[in-house]
Amino acid sequence: MPSVLPADFSRLGEECAALADAGVDRIQWDVMDGRFVPNLTFGPDVIAACRDRTDVPFEAHLMVEAPEELAHLYVEAGCQMLIVHAESTKHLHRTLGSIRDLGAQPAVALNPSTPPESVRYVLELCDMVLVMTVNPGFGGQAYISEMEPKVATLRRWITDAGLNCDIEVDGGIGPATISGAAASGANVLVAGSALYKDPEGLAHAVTELRDQATTAVGQAG
Ligand code: DX5
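These remarks concern the structure in this document. (Residues numbered from 1 in each chain as written. Predicted model: local features only at pLDDT ≥ 70, side-chain atom pairs only at ≥ 80, totals over all residues. Heavy atoms only, no water.)

Examining helix α1 (residues 12–21)
Restricting attention to buried positions, one finds in α1 the residues Leu-12, Gly-13, Glu-15, Cys-16, Ala-17 and Leu-19. Here the buried face of α1 lies against β1 (27–32), α2 (44–50), β2 (58–63), α7 (193–196) and α8 (202–220). Looking one or two residues beyond α1, the residue adopting positive phi is Gly-23, at roughly 95°. (Buried < 20%, exposed > 50% of the residue type's maximum accessible area, 1.4 Å probe, protein only. Helix = DSSP H or I, 4+ residues; strand = E, 2+ residues; numbered from the N terminus. Contact = heavy atoms within 4.5 Å.)

Things to note about the packing of aromatic side chains
Applying the stated rule across the entire model yields three aromatic pairs. Ring geometry for Phe-9 and Phe-42: centres 5.0 Å apart, planes at 55°, overall tilted. Of this pair, Phe-9 sits in the segment before α1 while Phe-42 sits in the loop between β1 and α2, and the two are 33 residues apart along the sequence. Residue classification places Phe-9 among the partly exposed positions, given a relative accessible area of 44%. Pairing Trp-29 with Phe-42 gives two aromatic rings, centres 5.0 Å apart and planes at 90°, and the pair type is edge-to-face. (Phe/Tyr/Trp six-rings, centres within 6.5 Å; stacked < 30°, edge-to-face > 60°.)

Considering the site of the ligand
Neighbouring the ligand are 19 residues, the closest being Gly-137, Asp-170, Gly-172, Gly-192 and Ser-193. Backbone polar atom of Gly-172 to an oxygen atom of the ligand: 2.8 Å apart, as the coordinates give it. Against a free-state accessible area of 370 Å², the protein chains account for coverage of 99% of the ligand. The leading source of residues in the shell around the ligand is β1, at three residues. Across the shell around the ligand, the residue classes break down as seven nonpolar, 10 polar and two charged. (Near = heavy atom within 4 Å. Polar contact = N/O pair within 3.5 Å; in protein donor to acceptor, adjacent residues only side chain to side chain. Areas by Shrake-Rupley, 256 points an atom, 1.4 Å probe, with all protein chains shown as cover. Nonpolar A, V, L, I, M, F, W, Y, C, P; charged D, E, K, R; others polar.)

Read these as spatial facts, not as claims about activity.
Structure (structure tokens):
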């Protein structure tokens, strides 16, 4: 699944249409507020401006302080899933429930230093857990493979509890890292740089990475 962080910000509407044409399942918007992470990106109006360029679902990765204050704006902008960071809201259980009440799919993200125990008691509220495999804020960083045991622990908890909860990884995902991420239990893989730097273009990159991810997730069993 693509992150539009590396896309051409002067042509985001066309970039979303090109991603849809390339066959992506969803599009992830890396929303940054300059406080929770040292970078500033997309307000809800930017996403709303791109909403009618494709029917592909949007997910907002809210790397912001107090996401509960902004959540409704991103749902109104056309995002089907909202991902909030466990480290960014005082009352995570309540925030996830409020996202469900807004009619969106709730998901929770964990920074590299955050243990999986911090979300153990909210997994049943989530449609997805995002394990960050870089420190959030920028694309093009190196994959932190030490996150793989965290993914495996979450996969075990989700399986043992019989929950229908995806595990997403984001950061440094590409041909060299997809297998390790999938083998540890991730079933949703976000790629930014790896997609946009493929010399054969976006469609080729999407197909290549999807095939690699499908194979890796399949082998992981
Ligand atoms: C970090 C962002 C990135 C982006 C994808 O805050 O969340 O991880 O989505 O980055 P790369 O370029 O590593 O795929």
